[in-house]
Amino acid sequence: MAEQCDVIVVGAGVAGLSAARLLARSGRSVIVLEARDHVGGRVHTDRTGSPTDLGASWIHGINGSPVAAAAAAFGMRTQEFTVGGYQPDSRPIAYYGPDGHRLSPAETAAFVADIHRVDAALREIIAGSAPDASYRDVTDEALGAQGWDPARTQRIREYLAHRSEEQYGALVEELAAHGLDDDQIDGDEVVFPDGYDVLPARLAEGLDVRTDHEVTGIDWSDRVTVTSGERVFVADAAVVTLPVGVLHSGAVTITPPLPEVNREALSRLRMNAFEKVFLRFPTKFWDEDVYAIRQQGSAGDWWHSWYDLTSLHGEPTLLTFAAGRAAQATREWDDDRIARSVMEQLRRLYGERAVDPVRVTRTAWQDDPFARGAYAYMVRGSTTSDHDDLATPIGGRLHLAGEATWTDDPATVTAAMLSGHRAAERVLGRPVGIETLWAEG
């Protein structure tokens, strides 16, 4: 016997929970089906020791952010940490040259000025770029216009490649020229010392969330029928928040197939290769009073950026990223091999005082069957409208949502929340204030 409700929401990440909460508060009966044994999706906190956010970590700019407003309403403690957008400056960053020696303040200022000069040139170049241009194509054009010597040019070329990988987990040759158009930070960035997962937990309060319900089929030919194992659910509408990687995989059969506008947009988005590596040490051996440490040159091909998280919990901790090529190459490595590889690089900078970590925590989003990557990016040939096109309503009853379906700030929790809000409004056929998500009652 099929279970019936007004709206089925597939996925209990921030997008799905936002949609479900707004719909439920608007009087609709809602069932949320979640494949995992917990809510949050790619907002997931490891609590075996100090809270460690394995998925989303930052609010990338708190000014006007609904996520910041929700976090404040839910009493979530935040800490300013404005380096999550791979900024070259704005906060203290220790840069090390190819020889492993720290750049002087004057050398750092000159390097950062070069980055800003190229970024200024990029705006016009990207705007006039060919439809299939890559981020490598446009950045090389911007660099070529500067007339610099090879060494100076190479330092900025490396930085731009690292930015592509660290922002989107994508090779600079594969990321669309427009792939970083959204790379704007409005206000301070903040992280959550007590864990980001408080947000989805609070959004889920009072909702009918069925965990351990892996969806295998969605039929929207007449109403919406969703299959999960032996269970069948029927509703007038559904909000589907499956990540791009899962949609590509075919693990969930959608009948009839997605219409052309959704299908074409999906074909130009890919899930990335992006993993976090947290290293906790018995003592702090690195630079004082800096937010980040960055290595230039070929030695920093993989491990080039470390973020000092010590202040979050008083434990000497560095966060680095296995992004793009590094994520793919180290996918099968164990923690010890990862640690040895990272420490080899850190010892180039700090010598023998760079002691081994006492604990290593890694993510494995590439191997997560319910994510198949950390978040989506735009491949060559895509346009920024592909995000919104993916969310085009289907048959008046199927609505796709999630970070990949929001144009202005994709790949973020903000995008997920806003896409869930949009899906709820489309189901309701009327506006509903997003502040309803965190309002009392």
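For the structure, see preceding data.
Here goes a summary of the coordinates provided. (Residues numbered from 1 in each chain as written. Predicted model: local features only at pLDDT ≥ 70, side-chain atom pairs only at ≥ 80, totals over all residues. Heavy atoms only, no water.)

In this section: the nonpolar core. Counting residues in hydrophobic clusters, the biggest one holds 48 residues, and the most contacted among them are Phe81, Val118, Tyr135, Ile156 and Tyr307. Broken down by secondary-structure element, the contributors of at least two residues to this core are strand S6 (93-96), helix H3 (105-127), helix H4 (135-144), helix H5 (150-168), strand S14 (274-280) and strand S17 (317-323). Looking at which element gives the most residues to this core, the answer is H3, with 7 residues. Apart from residues no more than four positions distant in its own chain, Tyr307 is found in contact with Phe81, Val83, Tyr86, Glu166, Tyr291, Ala292, Arg294, Thr317, Leu318, Leu319 and Phe321. In this structure, Val14, Leu17, Val43 and Ala423 belong to the second largest nonpolar core, which totals 44 residues. (Core = buried A, V, L, I, M, F, W, Y, C linked by side-chain atoms within 4.5 Å. Buried < 20%, exposed > 50% of the residue type's maximum accessible area, 1.4 Å probe, protein only. Helix = DSSP H or I, 4+ residues; strand = E, 2+ residues; numbered from the N terminus. Contact = heavy atoms within 4.5 Å.)

A separate point is the pattern of salt bridges. Going through the model one piece at a time under the given rule, you end up with 31 salt bridges. In this structure, the salt-bridge partner of Asp287 is Arg102, at a minimum N-O distance of 2.9 Å. Of this pair, Asp287 sits in the loop between S14 and strand S15 (292-295) while Arg102 sits in the loop between S6 and H3; the two residues are 185 residues apart in sequence, bridging distant segments of the chain. A relative accessible area of 8% places Asp287 in the buried class. (Salt bridge = Lys/Arg side-chain N within 4 Å of Asp/Glu carboxyl O.)

Moving on, we come to the sheet that holds strand S16 (residues 305-308). Here 6 strands make up an open sheet; going across it, the order is S6-S15-S16-S17-S14-S18 and the pairing mixed. Strands with a single pairing partner mark the edges of an open sheet, and in this sheet they are S6 and strand S18 (359-362). Taken over all neighbouring pairs, the strand axes of this sheet differ in orientation by 20° on average, direction set aside. Pairing analysis gives 7 bridges linking S14 to S17, with the strands arranged antiparallel. Of the residues in S17, the one forming a bridge with Phe278 is Leu319. H5 rests against S6, S14, S15, S16 and S17 of the sheet, and its axis sits at about 90° to S17. (Pairing = 2+ DSSP bridges. Axes fitted to C-alpha atoms, helices over the stretch in contact; angles between N-to-C directions.)

It is worth spelling out the packing of H4 against H5 at this point. Where H4 contacts H5, the axes come no closer than 11 Å and their chain directions differ by 155°. Of the possible angle classes, the one that applies to H4 and H5 is roughly antiparallel. Of the two possible hands of crossing, H4 and H5 adopt the one that is right-handed. Contact residues: H4 offers Tyr135, Arg136, Thr139, Asp140 and Leu143, while H5 offers Thr153, Ile156, Arg157, Leu160, Ala161, Arg163 and Ser164. (Parallel < 35°, antiparallel > 145°, perpendicular 65-115°, else oblique. Left-handed = near helix turned anticlockwise from the far one by under 90°.)

Here the focus is the environment of Arg348. You can see Arg348 is positioned in helix H11 (residues 335-350). Taking C-alpha positions, Arg348 is 8.9 Å from His101, a pair spaced 247 residues apart along the chain. Apart from residues no more than four positions distant in its own chain, Arg348 is found in contact with Pro98, Asp99, Gly100, Gln295 and Ala299. There is a polar contact of 3.1 Å between the side chain of Arg348 and the backbone oxygen of Pro98. Reaching out from Arg348, the side chain makes a polar contact with the side chain of Gln295 at a distance of 3.3 Å. (Polar contact = N/O pair within 3.5 Å; in protein donor to acceptor, adjacent residues only side chain to side chain.)

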